[in-house]
Amino acid sequence: MIICWAACELDKAHLAGDWQAVALYESGQSVNAELDSVRLSFQDEGMYEFRSIGFYREAGPFRSSGQYLFLTDTTVRPARDRTLRVLFLSEDTLKIRMQKGGNEQVVFMSKIR
């Protein structure tokens, strides 16, 4: 049981750092989008920041449970919660699944530092 528990948790050492989006899929189809400004950062202290096209930014605390990340955007009132499922995580690759407007999106990210 302990082995399964450890294997089912995200490796936070791999998660910490800055991530750059390199591919986006919506409902299983590749989306042609400008991804060079889409970034997600996780800090060891349990804080995250997401930046996207234009001036969109959200930030706040995050926590993980199993293969899920729970993000709380505290840049808006009331704070907004978001849940992401980590499909794959290594030292330099992050693949996450989320819902946007009722559609499933999968984002592939590469670590930039």
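Residues numbered from 1 in each chain as written. Predicted model: local features only at pLDDT ≥ 70, side-chain atom pairs only at ≥ 80, totals over all residues. Heavy atoms only, no water.

Within the protein, the regular secondary structure consists of two helices and nine strands. Tracing the protein from N to C terminus, the helices and strands come up as α-α-β-β-β-β-β-β-β-β-β. Relative to its length of 113 residues, the protein is compact, with a C-alpha radius of gyration of 14 Å against a globular reference of 13 Å. Over its C-alpha atoms, taken along the principal directions, the protein stretches across nearly 45 × 35 × 30 Å. Taking as baseline every contact in the protein between residues at least 6 positions apart, the subset at least 24 positions apart corresponds to 38%. (Helix = DSSP H or I, 4+ residues; strand = E, 2+ residues; numbered from the N terminus. Rg over C-alpha atoms; globule rule 2.2 N^0.38 Å. Contact = heavy atoms within 4.5 Å.)

Using the criterion set out here, one finds five salt bridges in the structure. Ionic pairing is found between arginine 82 and glutamate 58, a salt bridge with its closest N-O pair at 2.8 Å. Placement of arginine 82 in strand E7 (residues 80-89) and of glutamate 58 in strand E5 (residues 57-65) is noted, with a sequence separation of 24 residues between them. Look at arginine 82 and you get partly exposed, because its relative accessible area is 29%. Note on glutamate 58: relative accessible area 2%, which makes it buried. Taken together, the salt bridges that share partners define one network made up of Glu49, Arg51 and Arg57. (Salt bridge = Lys/Arg side-chain N within 4 Å of Asp/Glu carboxyl O. Buried < 20%, exposed > 50% of the residue type's maximum accessible area, 1.4 Å probe, protein only.)

For the coordinates displayed, the defined rule picks out four aromatic pairs. With 4.9 Å between their ring centres and 70 degrees between their planes, phenylalanine 42 and phenylalanine 62 make a pair best called edge-to-face. Of this pair, phenylalanine 42 sits in strand E3 (residues 39-42) while phenylalanine 62 sits in strand E5; the two residues are 20 residues apart in sequence, bridging distant segments of the chain. Given a relative accessible area of 2%, phenylalanine 42 falls into the buried group. Judged by relative accessible area, phenylalanine 62 falls into the buried class, the value being 15%. One Lys or Arg, arginine 63, reaches over the ring of phenylalanine 70 and ends 4.3 Å from the middle of that ring. (Phe/Tyr/Trp six-rings, centres within 6.5 Å; stacked < 30°, edge-to-face > 60°. Lys NZ or Arg CZ within 6 Å of the ring centre and 35° of its normal.)

Here the focus is the layout of surface pockets. The volume enclosed by the largest pocket comes to roughly 470 Å³. What lines the largest pocket is a set of 23 residues, among which Phe50, Ser52, Met98, Lys100 and Gln105 lie closest to the centre. Ranked by the residues each element gives to the lining of the largest pocket, the list is headed by strand E8 (residues 93-100), at four residues. In terms of residue class, the lining of the largest pocket is built from 16 nonpolar, three polar and four charged. (1 Å grid on protein atoms, 1.4 Å probe; cavity = no way out; pocket = protein on both sides within 12 Å on 5 of 7 lines; lining within 4 Å. Points joined across faces, edges and corners; volume = space filled by probe spheres on them. Nonpolar A, V, L, I, M, F, W, Y, C, P; charged D, E, K, R; others polar.)

To continue, consider the confidence of the model for the protein. Here the protein averages 89 in pLDDT, and 92% of its residues register 70 or above. Here helix H1 (residues 2-8) stands out as the least confident element of the protein, with mean pLDDT 44; strand E6 (residues 68-73) is the most confident, with 97. Every residue in residues 1-6 scores below 50 in pLDDT, and together they form zero contacts with partners more than four places removed in sequence or on other chains. (pLDDT = per-residue confidence, 0-100.)

What follows concerns the nonpolar core. Within the largest apolar cluster, 21 residues are counted, with the highest numbers of intra-cluster contacts made by Phe42, Leu69, Leu94, Ile96 and Met109. The set of elements that each furnish at least two residues to this core consists of strand E1 (17-26), E3, E6, E7, E8 and strand E9 (103-111). In this view, leucine 69 contacts Leu10, Leu15, Phe42, Phe62, Arg63, Ser64, Arg82, Thr83, Leu84 and Val86; residues no more than four positions away in its chain are not counted. (Core = buried A, V, L, I, M, F, W, Y, C linked by side-chain atoms within 4.5 Å.)

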